[in-house]
Each structure stands twice: as structure tokens, then as C-alpha cells.
Amino acid sequence: MFGSGSDSMHLPDYKEARTRDRRNYKRVHFNFDKNIKDKYRGKTFYLKTYGCQMNEHDSENIEALLIQLGFSKVDDYSIADLVLLNTCSIRENAHNKAFGMLGRLKHLKQEKKDLIVGLCGCMAQESSVVEEILRDYKWVNFVFGTHNMYQLPNIIDKAIEENKQQIEVYSREGDLVEGLPVNRVNSYKAYVNIIYGCNKFCTYCVVPYTRGRERSREKDDILKEVRQLIADGYKEITLLGQNVNAYGKDLYEDYTLANLLEDIAKMKIPRIRFTTSHPWDFTDHMIEVIGKYDNIMPSVHLPVQSGSSRILKLMGRRYTKESYLELFHKIKRVVPGVSISTDIIVGFPGEEEHDFLETLDLVHTCKYDNAFTFIFSKREGTPACKLEDHTPLKEKEERLQRLNEVVNQYFLENNKKLEGKILPVLVEGVSDKKNMYYGYSDTNKLVNFTSNKEINTGEIVDVSIITAKTWSLDGEVVE
Ligand code: SAH
Ligand code: SF4
Ligand code: F3S
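Note that the structure is predicted; figures quoted are calculated from it, not measured.

Draft legend 1. Summary view of the overall build of the chain. The number of helices and strands found in the chain is 13 helices and 21 strands. By the compact-globule yardstick of 23 Å for 479 residues, the chain fits well, its C-alpha radius of gyration being 23 Å. If you line up the chain on its principal axes, its C-alpha atoms span 65 × 60 × 50 Å. Across the 479 residues in the chain, those meeting the buried criterion constitute 55%. Pairs at least 24 residues apart make up 77% of the contacts formed inside the chain by residues separated by at least 6 positions. Put simply, the chain shows about 21,500 Å² of open surface, and 48% of that area lies on carbon and sulfur atoms.

Draft legend 2. Region of the structure containing the sheet that holds strand 14 (residues 299–301). Taken together, the three strands give an open sheet; going across it, the order is 14-15-16, and neighbouring strands pair in parallel fashion. Looking at strand neighbours, the two that pair on one side only are strand 14 and strand 16 (370–375), the edges of this open sheet. Taking each pair of neighbouring strands and ignoring which way they run, the sheet shows an average axis angle of 10 degrees. Here strand 15 (residues 339–346) pairs with strand 16 via six bridges, running parallel. Along strand 16, the bridge assignment pairs Ile-345 with Phe-374. Against the sheet, helix 13 (residues 393–416) engages strand 15 and strand 16, with an angle of about 175 degrees to strand 16.

Draft legend 3. Structural context of the site of ligand 1. Of all residues adjacent to ligand 1, which total 15 residues, the nearest are Gln-242, Pro-303, Gln-305, Asp-343 and Ser-377. At 2.7 Å from an oxygen atom of ligand 1 is found a side-chain nitrogen or oxygen belonging to Gln-305. Between ligand 1 and the protein, one listed contact pairs a nitrogen atom with a backbone N or O atom of Ser-377 at 2.8 Å. Taking 550 Å² as the accessible area of ligand 1 by itself, protein coverage stands at 90%. Within the residue set of the shell around ligand 1, elements represented by two or more residues are strand 15 and strand 16. Looking at the shell around ligand 1 residue by residue, the class counts come to seven nonpolar, four polar and four charged.

Draft legend 4. Summary view of the sheet that holds strand 7 (residues 166–168). Reading across from one edge, 3-2-4-5-6-7 is the order of the six strands in this open sheet, with parallel pairing throughout. The sheet is open, and its two borders are formed by strand 3 (72–73) and strand 7, each paired with just one other strand. Across two bridges, strand 5 (residues 116–121) lies against strand 6 (residues 142–144) in parallel orientation. Looking across to strand 6, one finds that Leu-119 is bridged to Val-143. Contacts from helix 2 (residues 53–69) reach strand 2 (44–49), strand 3, strand 4 (82–87) and strand 5, with the element oriented near 170 degrees to strand 2.

Draft legend 5. Geometry of the domain arrangement of the chain. One can read the domain layout of the chain as domain 1 (14–168), domain 2 (176–416) and domain 3 (422–477). Distance from the C-alpha centre of domain 2 to the C-alpha centre of domain 3: 25 Å. At the junction of the two partners, domain 2 supplies 19 residues and domain 3 supplies 21 residues. Interface area for domain 2 against domain 3, summed over the two sides, is near 1,500 Å², with a carbon-plus-sulfur share of 52%.

Draft legend 6. Up close: the nonpolar core. Core analysis: the biggest nonpolar cluster contains 71 residues, and Ile-237, Leu-239, Leu-260, Ile-264 and Ile-331 have the highest contact counts within it. What Ile-331 contacts, discounting residues up to four positions off in sequence, is Phe-282, Ile-287, Val-300, Leu-302, Val-338 and Ile-340. By size, the runner-up hydrophobic cluster in this structure holds 28 residues, among which are Tyr-50, Ala-80, Cys-88 and Ala-124.

The rules behind these values
Numbering of residues starts from 1 in each chain and follows the order in which that chain's sequence is written. Here the convention is simple: chains get letters from A, ligands get numbers from 1, in the order in which they are written. Confidence filtering applies because this is a predicted model: local features only for residues at pLDDT of at least 70, side-chain atom pairs given and counted only at 80 or more, and all residues used for totals across whole chains, interfaces and linings. Heavy atoms throughout the structure, all of them, feed into the side-chain values; hydrogens and water do not. Strands here mean DSSP runs of E at least two residues long; helices mean DSSP runs of H or I at least four residues long; both are numbered from the N terminus. C-alpha atoms define the radius of gyration in this analysis, and the globule rule sets the expected value at 2.2 Å times the number of residues to the power 0.38. Exposure classes here rest on a 1.4 Å probe applied to the protein chains alone. A residue is buried below 20% of its type maximum, exposed above 50%, and partly exposed in between. Whether two residues are in contact is decided by their heavy atoms, any of which lying within 4.5 Å being enough. All accessible-area figures derive from a Shrake-Rupley calculation using a 1.4 Å probe, and residue coverage is judged against the displayed protein chains alone. Pairing between strands is defined by DSSP: at least two bridges between the two strands are required. Structural elements are reduced to axes, namely lines fitted to C-alpha atoms, with helices fitted over the stretch in contact, and the angle between N-to-C directions of any two is expressed from 0 to 180 degrees. Nearness here has a simple test: a residue counts as near a molecule or strand if at least one of its heavy atoms is within 4 Å of that partner. The definition of a polar contact used here is a pair of N or O atoms within 3.5 Å, where within protein one atom must be able to donate a hydrogen and the other to accept one, and adjacent residues in sequence count solely through side-chain atom pairs. Residues are grouped as follows: Ala, Val, Leu, Ile, Met, Phe, Trp, Tyr, Cys and Pro are nonpolar; Asp, Glu, Lys and Arg are charged; all remaining types, including Gly, are polar. Where a domain begins and ends is set by an automatic assignment or by a domain database. Accessible area that two parts lose when put together, evaluated with a 1.4 Å probe and summed over both, is termed the buried area. Residues grouped as a nonpolar core are buried Ala, Val, Leu, Ile, Met, Phe, Trp, Tyr and Cys residues, joined through side-chain atoms within 4.5 Å.

Right under this line is the structure:
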């Protein structure tokens, strides 16, 4: 069994995360420790990823690091030698899922004494989580945070060699590490980080604490990565950041996301996407560039969170319902055929029925193409956690249901307008259920379609849309 605690732990600290100062980040190149390369050949790992695209992409790095250590990947946790959970803190249910999995792993570990279990990602940055692990999960072998993912090989090696729990979490971001190996999920679409962290501190959100302050990658590093992806035959890249609109502000006087998008668009990759963009610093220049280049996909995720300016203020979102709508209409005007999706939170502390009706009203105006809707979840250490909240959960659940009925109605209404149209679709494969090809249109709609001739994954084909559904479109390939 593992001992309790470790000699030299680094524990997370929200106070430190909150009082981050402006610092100059060193950009360093990652080198794999040669002494432990392939050390664990013959062993297997299972990696479970929760949360957003940022975590999915981190997992692509984590996998590559584990493979360099010698581990090979399995899809069944019960047969793995190492199980790693890359966790998310955004809402309570994300927490519950990870702890539920830890419960199952505890049983497994009772049968398989040599099983190594680790936890990383956003939950690892939360002091309450790490305290709980130290107290009740002494059998968890190692924990590391979002800022020191690159140390994974040595942390795992130490946990195994010393047979002692390793907790290595830093609340201040360290250097910006370039050159991490990556094992991409597929060979035709790729995530590319452009900015890490978030400085917005929306009052409900843990991300600024778990991911640190905004740090942009140097443009030359990004362009080099994109150039390589094009050479490798990739068709689509998604530029990633919690707020991509802030790209470059910490590095350059006059190089922004608009400039970066334009430079990448000129490189002739067929499809460019970006996510997520905060409505607050969405510039006219960006809208102009998105409208100008055919290979920047006409699809924008523009989270509104609430339709009530009073609630937006309490959320610290830095825009009003009116200024959001102005931006929304400007994007619709300048980018032909653009689809706009959003995120909405119901039941924020103090949200009254009239605030919620303003949200419904805004949805009727915007008629979103897609929307992710959530009930407010209290996150420890965030300002909204301390706000008084009188609304019973049942009422919040009813609001969510009412909201979902309205958003769904517009998904279908928008999709119906596409019947009879021809859309370009990037083919992702054949769905088991329907035995039809599937892929995503330029406007990010899921399209299921038939074809008489065989089509390869990663091809972009024209599909004639026959039937619209709420969450997908059915069609046939244009011969
Ligand atoms: N950076 C992105 C959002 C990332 S989190 C942006 O600001 O646009 C994804 C979504 O989760 C948010 O847009 C918000 O709708 C939701 N979310 C974040 N914190 C939440 C909380 N405490 N409770 C409920 N939903 C939350
Ligand atoms: Fe969270 Fe707001 Fe930052 Fe988005 S912009 S990650 S909601 S703090
Ligand atoms: Fe979750 Fe962290 Fe992403 S909290 S949503 S995995 S940045």
C-alpha cells in the first residue's frame, strides 16, 4: 500500500491564484527525460477525460507523454495498469462524475494492488479537492495540476519508484511550455492552443482559478504548428482558448486574433474554427476577417449567459443585453449565412422570473443555431458562491426546461431552412446506429448522409439536405 502523504508536496491555493501579478513568462522548450524514456514498456494506461476542448487537447498531450514513458493505451479501465482522470470543475456534476469514478477505482485497487491511479486537470487545482484526496483517498498515487502537465513523466515515475503519494499542484502559472508531444485523436481535424487561462473572472466561474491568467503563445509557434498540420494533411483546425479574443494582448502591441486568423486563412487550410469568444472584446476587425475568408467557417460561439442586464452585471460579464444584441446583429450582417451558438445559465443567485423572461425574449430574438444550457452551480471560492440565492432548485429546473423547449424550437426552425440546400461536409465516419456517413457542415451542423460510392474519412463532400431534425440534418451526397 502507499504511504500517507508525501515529503515535498505542492498544494493548490486559490488565494495565490487570485492575486496573480503581471509577470513575464518564459517560453521554454520541452525535453523528455531520457532516463525514463520507455521505462514502462509492456504496461498499459486508461485515460478518462472530462470537461471542455481544452481538456480534450491536454489529454492528447498526456497520451503522448505516457506513450513515451512506454505505456500503451487500452479502452477498458479494468485491465489497465495505470488509470488517469483528467478532470473538470466547471459544475458540481463534473465533480461528482470524477469522484464516482474514483469510487469504482477504489474497489478495483482492492483486487489489483499494483494499480496506479492519478488525477489531473482542473479539479486538481482546487484546494478542497486536494484536501479531500489527502484525507479520504490516500490510495490515489499522484495528483498534478494544469500548470505542470509537462512534469507528468517524472511525477508518475516518482510515485511508482517511491511508492508514496505525490501531490504536485502549482497555483501560479510557470513557464509557457512549447514542444510537448501530441497524440491527436484523428488525422483530419486538430485543436491548436493559442491562449491559456482567463482573466475575465466572471463571478460564477472557476476557470480563472484553475487555468491561471491569460498567456498567449507566440504567433510564430502557432503558425509553425499550423504549417505542420497542413503538411500532415489536416483539413480543419480549431484555435483554442477560454477567451480567444484576448489573444496577443499580453505579447504584442498590434497583433490580435484578427491578425492571427488572417495569417492562418492565407495558409490555405480548408477549415478554420475558433472557440470560445467572449462577447466583450469581439472586435469589428475580427468580424471583418471572418466575413472575408471562405476558409474561416461561418460559425461563431457567442455565450450570452443571461438576457437580463441586471443579472449580467452580477455575473461580471461586462456587457449589457443591448450591447450583446448589437454585436450579434453586426456579426449576422457582415458574415453571410453565419450560425451563432451560445451558452446560457439559469438560476443565477437573485434571478427572478422577470429576468428569466428577458432571457427567453433574447432567445426569441437571436434564434440560436445551438445552445448549451445550464443551471447555476455554486463553485467554492468564486464570488457568486457568497450571493444569496432564494430560488428553490425545483423552480430552476422548471426554468431550464422552459428554456430548452424554446431553444430546441429554433434549432429545428433554422435546420428546416436548410432543406433542399447543398452543404459542404467534412466526413468523420459511418455511424453504427444508422449505417450512414456523418460529418459536420461549415456552419457546424451534424449531417447524416448516404452515398453510392465509398467516401474516406477526412474528405469534404457536398451533401444535399433532404430532412431537417432538431439536432441533425439528413441528406445524400451530390454525385
Ligand atoms: N470561456 C467560455 C466559457 C467556458 S465554460 C466563455 O466565457 O465563453 C462553458 C460554460 O459553462 C459557460 O459559458 C457557462 O455557461 C457555463 N458555466 C460556467 N460556470 C458555471 C457555473 N458555475 N454554473 C453553471 N454553468 C457554468
Ligand atoms: Fe469563465 Fe468567464 Fe473566463 Fe469564460 S470568460 S472562462 S465564463 S471567467
Ligand atoms: Fe472544465 Fe477546466 Fe475546461 S473547469 S470546462 S476542464 S477549463
